[in-house]
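What follows is each chain in one-letter form.
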Amino acid sequence: MADTVTDKKPGRLSKGEKSYYRRVEALESSGEESHLLTQNLLAQVHRDGVRRVLCDKVGSRAVESCLARLALGPGADPEDKATLLRLLLEVVPAFSRLAGSRCGSHAVQALLRASGRLAREDEGIARALVSLSREVKGLLGDMLQDTYATHVLATLVQVLGGKACNAPGSSQPTRIASQLIKETFETPPEFLHRLKALGKAVRKLPELQSLVCHQHAVPTLVVTAVVLRHTIPNQGAKFNSRLLKCCSEPHTLLQEAAGSYLMEVLIKTSSAEQCKDLYKRYMKGHVRELALHPIANHPLQQFLLVASPALVEHLIAELHPVLEEVLCQGHLAVVAGLAQACVRVQCGKQQALLLDSLLEAFHASSSPDQCFLPFLTFTTHDVYYSKGEDKVWFELTIQQ
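Residues numbered from 1 in each chain as written. Predicted model: local features only at pLDDT ≥ 70, side-chain atom pairs only at ≥ 80, totals over all residues. Heavy atoms only, no water.

Draft legend 1. Representation of the overall build of the chain within the structure. Across its full length, the chain holds 27 helices and two strands. Expressed as a percentage of the 400 residues in the chain, the buried residues total 53%. Look at the contacts in the chain between residues 6 or more apart in sequence, and 71% of them connect residues 24 or more apart. For the chain, the exposed surface amounts to about 18,600 Å²; the carbon and sulfur share of it is 51%. (Helix = DSSP H or I, 4+ residues; strand = E, 2+ residues; numbered from the N terminus. Buried < 20%, exposed > 50% of the residue type's maximum accessible area, 1.4 Å probe, protein only. Contact = heavy atoms within 4.5 Å. Areas by Shrake-Rupley, 256 points an atom, 1.4 Å probe, with all protein chains shown as cover.)

This is how it looks when you write it as structure tokens:
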């Protein structure tokens, strides 16, 4: 972030200090021993300086380890709460610097997660987190684009929404998008007001148009969209609408890795009316190109899962003439998605059209009674039965 670049770096921990934190991290303890260990370590962090410790790899890992040992939740030890609050209050003034630190960001995320579990029953912790969220509001643009701070922001959004999410990413976006929320916990009512304010502030960012394809910003935008949808649905709808409209070249968004992943999640979390608008804005007339594209076919697969009967009809109309091309690209999931969509919306006419197109794609139109084995082996009819000179093998690599 901007202020972390110009700000003077904190002093390094000495060898002796690092040795202490290494020993603490390596210790295995439980019960009263764990409680004393945590209290002693966090007191030492206060003496050594929060920023010095958390911006050091050894110190940060030791603090994370200690926070993980705390028995948090209803009935937590009052002394643990007081210690956690003290650390949180010391972090708030240096938050922007710690959030943008390679090591400090991990410790801050652990602290936020631990504090979020206690905010419902501890007013001091709740007030500190509310204060922190107000400070973050003015840093959103920088945090979203920062390699480390963006993850801290995503964690804060989850804490305010009382949701714990699986780590977002683009390697397996369809599965991640469908199972993003993994845990829910209670939060103070004020947290939802702060979450709403953060969502509104993100929507108003002047640079949002470029952030929808930014590799660091997109995972946090995804988390924000999902948390808003599950906690404040009307705000989630507004957030989705803003993201869908902020790209000046929407078709390009589908073919860029980060933007494509964002689009998958937006499709899953959008209303039927928003999906209809999305089709008109992003997909109409481009479905063939999207189905053949190595990246853009993933949002199309997600869209097939939620499309209305009318949209399914439009999609099949654009895709059925090019099914052989789609199969040759190895995008079997697109074809399977089409078939599932036909069954889901119960449109027999489109099912018949799709089956005819598949028979044609497998060169089996003249012998439909012999189509099972070519379908099963993913081989055209003339190749399987060794007929004809023009032999076509579909790629066996199926992209999921």
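Draft legend 2. Main features of the packing of helix α2 (residues 15-26) against helix α5 (residues 57-69). Remark: α2 packs on α5, axes separated minimally by 9 Å, with the N-to-C direction vectors making an angle of 30°. Between α2 and α5, the crossing angle belongs to the class labelled roughly parallel. Two packed elements cross with a definite hand, and for α2 against α5 that hand is left-handed. Residue-level inspection shows Lys 18, Tyr 21, Arg 22, Val 24 and Glu 25 of α2 in contact with α5, the latter providing Val 58, Gly 59, Arg 61, Ala 62, Ser 65, Cys 66 and Arg 69. Looking at the contact of α2 with α5 residue by residue, the class counts come to five nonpolar, two polar and five charged. (Axes fitted to C-alpha atoms, helices over the stretch in contact; angles between N-to-C directions. Parallel < 35°, antiparallel > 145°, perpendicular 65-115°, else oblique. Left-handed = near helix turned anticlockwise from the far one by under 90°. Nonpolar A, V, L, I, M, F, W, Y, C, P; charged D, E, K, R; others polar.)

Draft legend 3. Examining helix α21 (residues 297-306) more closely. Buried residues dominate α21, accounting for eight of its ten residues. If you check which residues of α21 are buried, you get Asn 297, His 298, Pro 299, Leu 300, Gln 301, Gln 302, Phe 303 and Leu 304.

Draft legend 4. Representation of a positive patch on the surface within the structure. A surface patch of like charges, here positive, comprises Lys 137, Lys 196, Lys 200, Lys 204 and Lys 238. Mapped onto the fold, Lys 137 is located in helix α9 (residues 123-137). Lys 137 gets classed as partly exposed once you look at its relative accessible area, which sits at 43%. (Patch = residues over 30% accessible without salt bridge, like charges linked within 9 Å, V, L, I, M, F, W, Y side chains within 5 Å. Salt bridge = Lys/Arg side-chain N within 4 Å of Asp/Glu carboxyl O. Lys, Arg positive; Asp, Glu negative; His and termini not counted. Charge placed at Lys NZ, Arg CZ, Asp CG, Glu CD.)

Draft legend 5. Structural detail: the nonpolar core. Leu 41, Val 91, Phe 95, Met 143, Met 283, Phe 303 and Leu 319 are the most contacted members of the largest nonpolar core, which has 121 residues in total. Looking at this core, the element that brings in the most residues is helix α15 (residues 217-231), giving nine residues. Other than its neighbours up to four places away in sequence, Leu 319 contacts Val 287, Arg 288, Ala 291, Leu 300, Val 326, Val 334 and Leu 338. (Core = buried A, V, L, I, M, F, W, Y, C linked by side-chain atoms within 4.5 Å.)

Draft legend 6. Main features of α15. The terminal C-alpha atoms of α15, which comprises 15 residues, lie 21 Å apart, in line with the 21 Å expected from a rise of 1.5 Å per residue. The element α15 is largely enclosed, with a buried count of 13 among its 15 residues. (Expected span 1.5 Å × (residues − 1).)

Draft legend 7. Summary view of the side chain of Thr 220. With respect to the element layout, Thr 220 can be found in helix α15. Apart from residues lying up to four places away in sequence, Thr 220 is in contact with Leu 144, Thr 150, His 151, Leu 153 and Ala 154.

Draft legend 8. Geometry of the pattern of salt bridges. For the structure shown, the criterion picks out ten salt bridges. Here Glu 121 ties to Lys 81 by a salt bridge, and the two come within 2.6 Å at their closest N and O atoms. Here the residue Glu 121 occupies a position in the loop between α8 (104-118) and α9, and Lys 81 occupies one in helix α6 (residues 78-91), the gap between them amounting to 40 residues. In this structure Glu 121 comes out as partly exposed when scored by relative accessible area, which is 33%. Judged by relative accessible area, which is 13%, Lys 81 ranks as buried. Measuring nitrogen to oxygen at the nearest pair gives 3.6 Å for the salt bridge that ties Glu 123 to Arg 127. One end of the pair is Glu 123 and the other is Arg 127, both in helix α9 and four residues apart, which spans about a single turn. Here Glu 123 falls in the exposed class, since its relative accessible area comes to 63%.

Draft legend 9. Focus on the environment of Val 91. By secondary structure assignment, the location of Val 91 is in helix α6. As a C-alpha pair, Val 91 and Leu 54 span 37 residues in sequence and 9.5 Å in three-dimensional space. Apart from residues no more than four positions distant in its own chain, Val 91 is found in contact with Val 50, Leu 54, Leu 98, Val 108 and Leu 111.

Draft legend 10. Molecular detail of the confidence of the model for the chain. The predicted model of the chain has a mean per-residue pLDDT of 83, with 80% of residues at 70 or higher. For the stretch residues 2-8, pLDDT sits under 50, and the model shows eight contacts to residues farther than four places along the chain or on other chains. Confidence drops under pLDDT 50 across residues 170-178; counting only partners more than four residues distant or on other chains, this segment forms 13 contacts. (pLDDT = per-residue confidence, 0-100.)

Draft legend 11. Structural view of the packing of aromatic side chains. What the rule picks out here adds up to two aromatic pairs. A centroid spacing of 5.2 Å and a plane angle of 70° characterise the contact between Tyr 20 and Tyr 21, whose relative ring orientation is edge-to-face. Judged by its relative accessible area of 0%, Tyr 21 is buried. With a centroid separation of 6.3 Å and an interplanar angle of 20°, the aromatic rings of Tyr 279 and Phe 303 are classed as stacked. With a gap of 24 residues between them, Tyr 279 in helix α19 (residues 272-283) and Phe 303 in helix α21 connect regions that are remote in the sequence. Assigned by exposure class, Tyr 279 and Phe 303 land together as buried. (Phe/Tyr/Trp six-rings, centres within 6.5 Å; stacked < 30°, edge-to-face > 60°.)

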